[in-house]
Amino acid sequence: MIMETLHLRAMNTDILLGAEGQADQVRAGFEQASKSIHSGENRFTRFSEESELSALNRSSGKRFKASPDLFSVVALTRRFYHLTRGLFDPSILPDLKRVGYDRSMDVLRELGPSPLLETLLANERPSLSEMDMDESDQTILLPPGMALDLGGIAKGWIAEQAANILSKYTTACAADAGGDMYLVGVPDGMEQWPVALEDPLQPENTLTTLKVDPGAIATSTITKRVWQQAGKNRHHIIDPRTGEPAISDWISVTVIAPHAYEAEVFAKALLIAGPQEAEEIIRHSGIPFTFLAIDQEKKIWGNQGIMDYSYVGSETNYAR
Amino acid sequence: MKIFRKLLRYWIGIASVLSFLGGWVILAHSPKPVQLQSSSSVQPIALPSLPPIQAYGATTNNGPTFFSTTAPTNPPANNTQPIQPVQPSQGLPVLRTRGS
(Lines give C-alpha, C1' and ligand atoms only; values in the text may rest on other atoms or scores of the structure.)
Protein backbone atom coordinates (compact mmCIF):
# COMPACT_ATOMS: atom_id res chain seq x y z
CA MET A 1 0.00 0.00 0.00
CA ILE A 2 1.18 3.49 -0.78
CA MET A 3 0.04 7.00 0.04
CA GLU A 4 0.03 9.29 -2.98
CA THR A 5 -0.97 12.87 -3.56
CA LEU A 6 -2.18 14.67 -6.67
CA HIS A 7 -2.30 18.44 -7.13
CA LEU A 8 -4.56 20.15 -9.60
CA ARG A 9 -6.07 23.56 -10.19
CA ALA A 10 -9.83 23.95 -10.37
CA MET A 11 -12.50 26.35 -9.10
CA ASN A 12 -9.83 29.09 -9.02
CA THR A 13 -8.11 27.31 -6.18
CA ASP A 14 -5.51 24.63 -5.51
CA ILE A 15 -6.90 21.13 -5.13
CA LEU A 16 -5.04 18.39 -3.32
CA LEU A 17 -6.09 14.76 -3.43
CA GLY A 18 -4.38 12.31 -1.11
CA ALA A 19 -5.09 8.59 -0.97
CA GLU A 20 -3.76 5.37 0.47
CA GLY A 21 -4.12 2.04 -1.27
CA GLN A 22 -2.81 -0.08 -4.09
CA ALA A 23 -0.88 2.08 -6.54
CA ASP A 24 -2.98 1.29 -9.62
CA GLN A 25 -6.21 1.72 -7.67
CA VAL A 26 -5.08 5.02 -6.20
CA ARG A 27 -4.28 6.36 -9.68
CA ALA A 28 -7.58 5.13 -11.07
CA GLY A 29 -9.31 6.83 -8.16
CA PHE A 30 -7.41 10.07 -8.82
CA GLU A 31 -8.56 10.00 -12.43
CA GLN A 32 -12.21 9.54 -11.55
CA ALA A 33 -12.10 12.08 -8.71
CA SER A 34 -10.40 14.65 -10.98
CA LYS A 35 -13.10 14.16 -13.62
CA SER A 36 -15.75 14.67 -10.97
CA ILE A 37 -14.09 17.91 -9.78
CA HIS A 38 -13.85 19.37 -13.28
CA SER A 39 -17.38 18.31 -14.08
CA GLY A 40 -18.62 19.95 -10.86
CA GLU A 41 -16.68 23.13 -11.62
CA ASN A 42 -18.16 23.32 -15.12
CA ARG A 43 -21.64 22.88 -13.69
CA PHE A 44 -21.46 25.28 -10.75
CA THR A 45 -19.19 28.11 -11.89
CA ARG A 46 -20.75 31.53 -12.31
CA PHE A 47 -17.80 32.69 -14.40
CA SER A 48 -18.81 30.72 -17.49
CA GLU A 49 -21.93 31.45 -19.51
CA GLU A 50 -21.93 27.78 -20.47
CA SER A 51 -22.41 26.49 -16.91
CA GLU A 52 -25.71 25.13 -15.69
CA LEU A 53 -25.67 27.68 -12.87
CA SER A 54 -25.43 30.53 -15.39
CA ALA A 55 -28.35 29.03 -17.30
CA LEU A 56 -30.35 28.89 -14.07
CA ASN A 57 -29.51 32.52 -13.30
CA ARG A 58 -30.57 33.59 -16.79
CA SER A 59 -33.88 31.81 -16.29
CA SER A 60 -35.01 33.94 -13.33
CA GLY A 61 -38.74 34.45 -13.54
CA LYS A 62 -39.20 31.17 -15.40
CA ARG A 63 -39.18 27.59 -14.15
CA PHE A 64 -35.84 25.83 -14.80
CA LYS A 65 -35.35 22.08 -15.11
CA ALA A 66 -32.21 21.32 -13.11
CA SER A 67 -29.84 18.38 -13.12
CA PRO A 68 -29.93 16.23 -9.96
CA ASP A 69 -26.60 17.71 -8.81
CA LEU A 70 -27.67 21.34 -9.24
CA PHE A 71 -31.02 20.63 -7.65
CA SER A 72 -29.27 19.00 -4.65
CA VAL A 73 -26.91 21.91 -4.08
CA VAL A 74 -29.60 24.57 -4.49
CA ALA A 75 -31.78 22.61 -2.06
CA LEU A 76 -28.89 22.68 0.41
CA THR A 77 -28.56 26.45 0.04
CA ARG A 78 -32.22 26.91 0.92
CA ARG A 79 -31.86 24.67 3.98
CA PHE A 80 -28.77 26.51 5.22
CA TYR A 81 -30.32 29.90 4.50
CA HIS A 82 -32.93 29.07 7.13
CA LEU A 83 -30.51 27.33 9.55
CA THR A 84 -28.19 30.33 9.56
CA ARG A 85 -31.07 32.81 9.80
CA GLY A 86 -30.16 34.25 6.43
CA LEU A 87 -26.46 34.82 7.11
CA PHE A 88 -25.66 32.24 4.48
CA ASP A 89 -27.39 33.52 1.37
CA PRO A 90 -26.35 32.52 -2.17
CA SER A 91 -28.57 35.22 -3.66
CA ILE A 92 -26.03 37.92 -2.76
CA LEU A 93 -24.52 37.53 -6.24
CA PRO A 94 -25.70 41.01 -7.40
CA ASP A 95 -23.96 42.48 -4.33
CA LEU A 96 -20.77 40.53 -5.02
CA LYS A 97 -20.76 41.94 -8.54
CA ARG A 98 -21.54 45.45 -7.31
CA VAL A 99 -18.51 45.45 -5.01
CA GLY A 100 -16.28 44.30 -7.86
CA TYR A 101 -16.20 40.50 -7.70
CA ASP A 102 -17.71 40.18 -11.15
CA ARG A 103 -14.90 38.11 -12.61
CA SER A 104 -12.96 35.10 -11.33
CA MET A 105 -10.44 35.94 -8.62
CA ASP A 106 -7.56 34.99 -10.92
CA VAL A 107 -8.78 37.53 -13.51
CA LEU A 108 -9.63 40.12 -10.86
CA ARG A 109 -6.11 39.97 -9.45
CA GLU A 110 -4.65 40.30 -12.92
CA LEU A 111 -6.82 43.24 -14.02
CA GLY A 112 -6.70 45.16 -10.75
CA PRO A 113 -9.44 47.32 -9.24
CA SER A 114 -12.86 47.17 -10.83
CA PRO A 115 -15.37 50.01 -11.06
CA LEU A 116 -18.43 50.29 -8.86
CA LEU A 117 -21.27 48.53 -10.62
CA GLU A 118 -24.86 49.61 -10.38
CA THR A 119 -26.90 46.61 -9.28
CA LEU A 120 -29.73 46.04 -6.89
CA LEU A 121 -28.99 46.81 -3.26
CA ALA A 122 -29.47 44.15 -0.60
CA ASN A 123 -32.85 45.41 0.53
CA GLU A 124 -34.07 45.61 -3.07
CA ARG A 125 -33.20 42.02 -3.95
CA PRO A 126 -35.84 39.31 -3.81
CA SER A 127 -35.45 37.08 -0.76
CA LEU A 128 -34.17 33.52 -1.14
CA SER A 129 -37.31 32.33 0.60
CA GLU A 130 -39.20 33.43 -2.55
CA MET A 131 -37.34 30.80 -4.57
CA ASP A 132 -39.57 27.85 -5.42
CA MET A 133 -38.32 24.29 -5.86
CA ASP A 134 -40.41 21.38 -7.07
CA GLU A 135 -38.87 18.04 -6.18
CA SER A 136 -41.33 16.05 -8.29
CA ASP A 137 -40.00 17.44 -11.56
CA GLN A 138 -36.66 18.81 -10.27
CA THR A 139 -37.43 22.35 -11.30
CA ILE A 140 -36.33 25.62 -9.73
CA LEU A 141 -38.09 28.95 -10.05
CA LEU A 142 -35.93 31.95 -9.21
CA PRO A 143 -37.97 35.11 -8.69
CA PRO A 144 -37.26 37.85 -11.25
CA GLY A 145 -33.97 39.58 -10.50
CA MET A 146 -32.52 36.76 -8.43
CA ALA A 147 -29.14 35.22 -9.29
CA LEU A 148 -27.24 32.67 -7.22
CA ASP A 149 -23.57 32.29 -6.37
CA LEU A 150 -22.82 28.72 -5.26
CA GLY A 151 -19.08 29.35 -4.82
CA GLY A 152 -18.27 28.09 -1.34
CA ILE A 153 -21.00 25.54 -0.82
CA ALA A 154 -20.38 24.05 -4.26
CA LYS A 155 -16.67 23.82 -3.51
CA GLY A 156 -17.38 21.85 -0.33
CA TRP A 157 -19.93 19.68 -2.11
CA ILE A 158 -17.51 18.97 -4.99
CA ALA A 159 -14.67 18.11 -2.57
CA GLU A 160 -16.92 15.69 -0.70
CA GLN A 161 -18.11 14.06 -3.92
CA ALA A 162 -14.52 13.68 -5.11
CA ALA A 163 -13.43 12.14 -1.80
CA ASN A 164 -16.34 9.72 -1.86
CA ILE A 165 -15.44 8.62 -5.41
CA LEU A 166 -11.77 8.27 -4.43
CA SER A 167 -12.70 6.22 -1.39
CA LYS A 168 -14.14 3.50 -3.62
CA TYR A 169 -10.61 2.83 -4.86
CA THR A 170 -8.63 3.40 -1.67
CA THR A 171 -8.57 2.65 2.04
CA ALA A 172 -8.22 6.26 3.19
CA CYS A 173 -8.32 9.51 1.28
CA ALA A 174 -8.63 13.28 1.49
CA ALA A 175 -9.88 15.91 -0.92
CA ASP A 176 -8.67 19.40 -0.10
CA ALA A 177 -10.19 22.21 -2.15
CA GLY A 178 -8.32 25.37 -1.22
CA GLY A 179 -8.37 24.52 2.48
CA ASP A 180 -11.91 23.13 2.61
CA MET A 181 -11.56 19.40 2.89
CA TYR A 182 -13.34 16.10 3.30
CA LEU A 183 -11.59 13.12 4.83
CA VAL A 184 -12.57 9.47 4.44
CA GLY A 185 -11.00 6.76 6.61
CA VAL A 186 -7.68 7.22 8.37
CA PRO A 187 -4.19 6.50 6.99
CA ASP A 188 -2.62 3.27 8.17
CA GLY A 189 -0.97 3.64 11.57
CA MET A 190 -2.67 6.93 12.38
CA GLU A 191 -5.65 7.75 14.54
CA GLN A 192 -6.59 11.05 12.90
CA TRP A 193 -5.56 13.24 9.98
CA PRO A 194 -3.16 16.04 10.89
CA VAL A 195 -4.51 19.29 9.43
CA ALA A 196 -2.43 22.45 9.67
CA LEU A 197 -4.33 25.64 10.44
CA GLU A 198 -2.93 28.60 8.53
CA ASP A 199 -2.36 31.80 10.47
CA PRO A 200 -4.75 34.29 8.79
CA LEU A 201 -2.56 37.23 9.76
CA GLN A 202 0.71 35.62 8.66
CA PRO A 203 -0.24 33.13 5.94
CA GLU A 204 3.31 31.85 5.67
CA ASN A 205 2.98 30.47 9.19
CA THR A 206 1.06 27.58 10.63
CA LEU A 207 -0.98 28.56 13.64
CA THR A 208 -1.37 25.05 14.94
CA THR A 209 -2.07 21.52 13.77
CA LEU A 210 -5.40 19.88 14.48
CA LYS A 211 -6.03 16.15 14.64
CA VAL A 212 -9.19 15.64 12.65
CA ASP A 213 -11.39 12.54 12.44
CA PRO A 214 -12.96 11.50 9.14
CA GLY A 215 -15.39 14.21 8.13
CA ALA A 216 -14.92 17.78 7.06
CA ILE A 217 -13.02 20.91 7.98
CA ALA A 218 -13.26 24.31 6.31
CA THR A 219 -12.03 27.82 6.96
CA SER A 220 -13.51 31.14 5.94
CA THR A 221 -11.56 34.35 6.23
CA ILE A 222 -11.70 37.98 5.20
CA THR A 223 -7.95 38.11 4.65
CA LYS A 224 -8.10 36.19 1.36
CA ARG A 225 -9.82 37.13 -1.90
CA VAL A 226 -9.38 40.81 -1.21
CA TRP A 227 -9.22 43.66 -3.71
CA GLN A 228 -9.65 47.39 -3.99
CA GLN A 229 -12.57 49.20 -5.54
CA ALA A 230 -12.63 52.97 -5.87
CA GLY A 231 -10.10 53.24 -3.04
CA LYS A 232 -12.04 50.91 -0.75
CA ASN A 233 -10.72 47.59 0.54
CA ARG A 234 -13.11 44.82 -0.43
CA HIS A 235 -13.39 41.12 0.39
CA HIS A 236 -15.67 38.35 -0.79
CA ILE A 237 -17.62 37.61 2.40
CA ILE A 238 -20.81 39.61 1.87
CA ASP A 239 -23.12 40.33 4.77
CA PRO A 240 -26.56 39.65 3.22
CA ARG A 241 -28.14 42.18 5.60
CA THR A 242 -26.15 45.08 4.18
CA GLY A 243 -25.03 43.84 0.78
CA GLU A 244 -21.52 45.01 1.68
CA PRO A 245 -18.38 43.07 2.65
CA ALA A 246 -18.96 41.87 6.22
CA ILE A 247 -17.54 43.82 9.11
CA SER A 248 -16.90 41.38 11.93
CA ASP A 249 -14.74 41.08 15.02
CA TRP A 250 -13.56 37.75 13.69
CA ILE A 251 -11.20 37.58 10.74
CA SER A 252 -11.13 33.82 10.33
CA VAL A 253 -13.37 30.94 11.35
CA THR A 254 -12.58 27.24 11.01
CA VAL A 255 -15.36 24.68 11.37
CA ILE A 256 -15.14 20.91 11.80
CA ALA A 257 -18.40 19.24 10.76
CA PRO A 258 -19.71 15.95 9.38
CA HIS A 259 -20.03 17.31 5.83
CA ALA A 260 -17.84 19.64 3.80
CA TYR A 261 -20.72 21.86 2.73
CA GLU A 262 -21.79 22.22 6.37
CA ALA A 263 -18.28 23.20 7.42
CA GLU A 264 -18.08 25.72 4.59
CA VAL A 265 -21.50 27.24 5.27
CA PHE A 266 -21.11 27.59 9.03
CA ALA A 267 -17.55 28.93 8.77
CA LYS A 268 -18.93 31.72 6.58
CA ALA A 269 -22.04 32.32 8.70
CA LEU A 270 -20.05 32.51 11.95
CA LEU A 271 -17.51 34.82 10.34
CA ILE A 272 -20.32 37.23 9.45
CA ALA A 273 -22.05 36.72 12.79
CA GLY A 274 -19.03 37.37 15.01
CA PRO A 275 -19.06 36.63 18.75
CA GLN A 276 -22.26 38.57 19.37
CA GLU A 277 -24.45 36.38 17.19
CA ALA A 278 -22.49 33.13 16.90
CA GLU A 279 -24.09 31.56 19.94
CA GLU A 280 -27.55 32.00 18.44
CA ILE A 281 -26.46 30.59 15.05
CA ILE A 282 -24.91 27.50 16.67
CA ARG A 283 -27.94 26.87 18.85
CA HIS A 284 -30.31 27.28 15.92
CA SER A 285 -28.30 25.10 13.50
CA GLY A 286 -28.95 21.74 15.16
CA ILE A 287 -25.76 20.46 13.52
CA PRO A 288 -22.96 19.10 15.71
CA PHE A 289 -20.06 21.21 14.58
CA THR A 290 -17.03 22.64 16.27
CA PHE A 291 -15.45 25.97 15.51
CA LEU A 292 -12.32 27.97 16.14
CA ALA A 293 -12.24 31.70 15.38
CA ILE A 294 -9.49 34.29 15.37
CA ASP A 295 -10.36 37.91 16.00
CA GLN A 296 -8.78 41.23 15.04
CA GLU A 297 -6.78 41.26 18.27
CA LYS A 298 -5.37 37.79 17.69
CA LYS A 299 -7.60 36.23 20.30
CA ILE A 300 -8.69 32.70 19.63
CA TRP A 301 -12.32 31.83 20.20
CA GLY A 302 -13.98 28.45 20.05
CA ASN A 303 -16.41 26.08 21.62
CA GLN A 304 -15.22 23.44 24.00
CA GLY A 305 -15.67 20.81 21.31
CA ILE A 306 -12.53 22.11 19.63
CA MET A 307 -10.53 20.76 22.57
CA ASP A 308 -11.38 17.24 21.38
CA TYR A 309 -9.31 17.95 18.30
CA SER A 310 -6.32 18.40 20.54
CA TYR A 311 -3.41 20.25 19.09
CA VAL A 312 -0.42 18.24 18.02
CA GLY A 313 2.33 19.15 20.44
CA SER A 314 2.26 22.68 21.82
CA GLU A 315 3.09 24.52 18.66
CA THR A 316 0.24 27.00 18.60
CA ASN A 317 1.46 30.51 17.92
CA TYR A 318 -1.38 32.07 19.82
CA ALA A 319 -1.77 31.44 23.52
CA ARG A 320 -4.90 29.48 24.34
CA MET B 1 -37.25 111.65 -15.73
CA LYS B 2 -34.11 110.69 -17.62
CA ILE B 3 -31.90 112.46 -15.07
CA PHE B 4 -33.73 110.72 -12.24
CA ARG B 5 -33.07 107.31 -13.80
CA LYS B 6 -29.39 108.16 -14.31
CA LEU B 7 -29.02 109.30 -10.68
CA LEU B 8 -30.77 106.15 -9.43
CA ARG B 9 -28.39 103.96 -11.46
CA TYR B 10 -25.35 105.81 -10.02
CA TRP B 11 -26.77 105.63 -6.53
CA ILE B 12 -27.35 101.83 -6.79
CA GLY B 13 -23.84 101.26 -8.20
CA ILE B 14 -22.08 103.36 -5.54
CA ALA B 15 -24.22 101.89 -2.73
CA SER B 16 -23.36 98.32 -3.87
CA VAL B 17 -19.61 99.02 -3.94
CA LEU B 18 -19.70 100.75 -0.55
CA SER B 19 -21.76 97.92 1.00
CA PHE B 20 -19.30 95.32 -0.33
CA LEU B 21 -16.30 97.23 1.04
CA GLY B 22 -18.07 97.79 4.36
CA GLY B 23 -18.82 94.07 4.67
CA TRP B 24 -15.21 93.23 3.83
CA VAL B 25 -13.91 95.57 6.57
CA ILE B 26 -16.37 94.18 9.15
CA LEU B 27 -15.43 90.57 8.36
CA ALA B 28 -11.69 91.35 8.40
CA HIS B 29 -11.96 92.78 11.90
CA SER B 30 -14.39 90.25 13.36
CA PRO B 31 -13.09 87.48 15.70
CA LYS B 32 -12.14 84.22 13.96
CA PRO B 33 -14.63 81.31 14.30
CA VAL B 34 -13.82 78.61 16.82
CA GLN B 35 -12.20 75.62 15.05
CA LEU B 36 -14.11 72.37 15.22
CA GLN B 37 -12.27 69.36 16.63
CA SER B 38 -10.91 67.40 13.70
CA SER B 39 -11.88 63.72 13.42
CA SER B 40 -8.24 62.67 13.63
CA SER B 41 -7.93 64.16 17.08
CA VAL B 42 -10.90 62.24 18.44
CA GLN B 43 -9.60 59.54 20.68
CA PRO B 44 -11.25 56.11 20.46
CA ILE B 45 -13.02 55.02 23.59
CA ALA B 46 -11.18 52.19 25.29
CA LEU B 47 -13.66 49.32 25.40
CA PRO B 48 -13.30 46.69 28.07
CA SER B 49 -12.36 43.20 26.83
CA LEU B 50 -15.32 40.93 26.26
CA PRO B 51 -15.52 38.07 28.71
CA PRO B 52 -15.64 34.58 27.21
CA ILE B 53 -19.16 33.54 26.26
CA GLN B 54 -20.58 31.10 28.71
CA ALA B 55 -22.05 27.72 27.94
CA TYR B 56 -24.68 27.89 25.27
CA GLY B 57 -25.86 24.32 25.81
CA ALA B 58 -26.37 23.45 22.18
CA THR B 59 -26.93 19.80 22.80
CA THR B 60 -26.37 19.04 26.45
CA ASN B 61 -26.27 20.94 29.69
CA ASN B 62 -22.54 20.43 30.05
CA GLY B 63 -22.03 20.93 26.35
CA PRO B 64 -19.41 23.05 24.67
CA THR B 65 -18.71 26.60 25.73
CA PHE B 66 -16.94 29.45 24.00
CA PHE B 67 -13.49 30.36 25.13
CA SER B 68 -11.36 33.25 24.11
CA THR B 69 -7.67 33.71 24.54
CA THR B 70 -5.09 36.37 23.86
CA ALA B 71 -2.30 35.94 21.40
CA PRO B 72 1.25 37.02 22.25
CA THR B 73 2.39 39.99 20.20
CA ASN B 74 5.56 38.27 19.06
CA PRO B 75 5.11 34.54 18.69
CA PRO B 76 8.29 32.51 19.13
CA ALA B 77 10.01 31.95 15.79
CA ASN B 78 10.50 28.25 16.40
CA ASN B 79 6.75 27.78 16.53
CA THR B 80 6.26 28.76 12.92
CA GLN B 81 6.19 26.35 10.04
CA PRO B 82 6.71 27.39 6.44
CA ILE B 83 4.16 26.29 3.85
CA GLN B 84 5.28 23.16 2.07
CA PRO B 85 5.78 23.62 -1.66
CA VAL B 86 2.91 22.21 -3.71
CA GLN B 87 4.19 19.39 -5.92
CA PRO B 88 3.25 15.79 -6.59
CA SER B 89 4.74 13.44 -4.07
CA GLN B 90 4.36 10.20 -2.22
CA GLY B 91 3.65 10.14 1.47
CA LEU B 92 1.06 11.72 3.71
CA PRO B 93 -0.51 14.78 2.03
CA VAL B 94 0.19 18.10 3.72
CA LEU B 95 -3.33 19.21 4.55
CA ARG B 96 -3.73 22.86 5.35
CA THR B 97 -6.98 24.63 6.10
CA ARG B 98 -7.21 28.28 5.20
CA GLY B 99 -9.66 30.66 3.70
CA SER B 100 -9.55 30.68 -0.04
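As the structure is a prediction and not an experimental result, all values here were calculated from the model. (Residues numbered from 1 in each chain as written. Chains lettered and ligands numbered in written order. Predicted model: local features only at pLDDT ≥ 70, side-chain atom pairs only at ≥ 80, totals over all residues.)

Colleague: Whenever I open this one, the nonpolar core confuses me. Can you help?
Modeller: The nonpolar side chains of soluble globular proteins are, as a tendency, buried together. Residue and element names in this part refer to chain A. Grouped together as the largest cluster of nonpolar side chains are 98 residues, with contacts concentrated most on Ala175, Met181 and Ala263. For this core, the leading source of residues is helix α7 (residues 260-285), giving 13 residues. Beyond its immediate sequence surroundings of up to four residues, Ala263 is in contact with Gly156, Asp180, Ala216, Ile217, Ala218, Val255, Ile256, Ala257 and Phe289. (Core = buried A, V, L, I, M, F, W, Y, C linked by C-beta atoms within 7 Å. Buried ≥ 20, exposed ≤ 12 C-beta atoms within 10 Å, placed from the backbone. Helix = DSSP H or I, 4+ residues; strand = E, 2+ residues; numbered from the N terminus. Contact = placed C-beta atoms within 7 Å.)

Colleague: Teacher, can you tell me more about the sheet that holds strand β5 (residues 139-141) of chain A here?
Modeller: The strands making up a sheet associate through backbone hydrogen bonding, with each pair oriented either parallel or antiparallel. Residue and element names in this part refer to chain A. On the basis of which strands lie adjacent, the open sheet formed by 3 strands has the order β3-β5-β4 and antiparallel pairing. Either end of the sheet is taken by a strand with one partner, and the two such strands are β3 (63-65) and β4 (132-134). Each strand of the sheet is rotated relative to its neighbour by a mean of 20°, with strand direction disregarded. When β4 meets β5, the two strands line up antiparallel, connected through 3 bridges. Bridge pairing links Asp132 to Leu141 in β5. (Pairing = 2+ DSSP bridges. Axes fitted to C-alpha atoms, helices over the stretch in contact; angles between N-to-C directions.)

Colleague: Looking at this structure, how should I read the packing of helix α6 (residues 151-167) of chain A against α7 of chain A?
Modeller: When two helices pack together, their arrangement is given by the angle between the helix axes and by the axis-to-axis distance. All names here are of chain A. Their axes nearest at 7 Å, the elements α6 and α7 cross at an angle of 155°. What the angle tells us is that α6 and α7 run roughly antiparallel. In this structure, the crossing between α6 and α7 has a hand that is right-handed. Only Ala260, Tyr261, Ala263, Glu264, Val265 and Lys268 of α7 make contact with α6, whose side of the interface consists of Gly152, Ile153, Lys155, Gly156, Trp157, Ala159 and Glu160. Split into classes, the residues belonging to the contact of α6 with α7 amount to 7 nonpolar, 2 polar and 4 charged. (Parallel < 35°, antiparallel > 145°, perpendicular 65-115°, else oblique. Left-handed = near helix turned anticlockwise from the far one by under 90°. Nonpolar A, V, L, I, M, F, W, Y, C, P; charged D, E, K, R; others polar.)

Colleague: Help me understand the sheet that holds strand β9 (residues 206-212) of chain A in this model?
Modeller: Spatially, β9(A)-β8(A)-β3(B) is the arrangement adopted by the 3 strands of the open sheet, whose pairing is mixed. Every other strand in the sheet has two partners, leaving β9 of chain A together with β3 (95-97) of chain B as the edge strands with one partner each. Strand-to-strand twist of the sheet, defined as the mean angle between neighbouring strand axes without regard to direction, takes the value 35°. Relative to β9 of chain A, strand β8 (residues 193-198) of chain A runs antiparallel, the two being bridged by 6 bridges. Bridging from a neighbouring strand, Val195 of chain A pairs with Leu210 of chain A of β9 of chain A.

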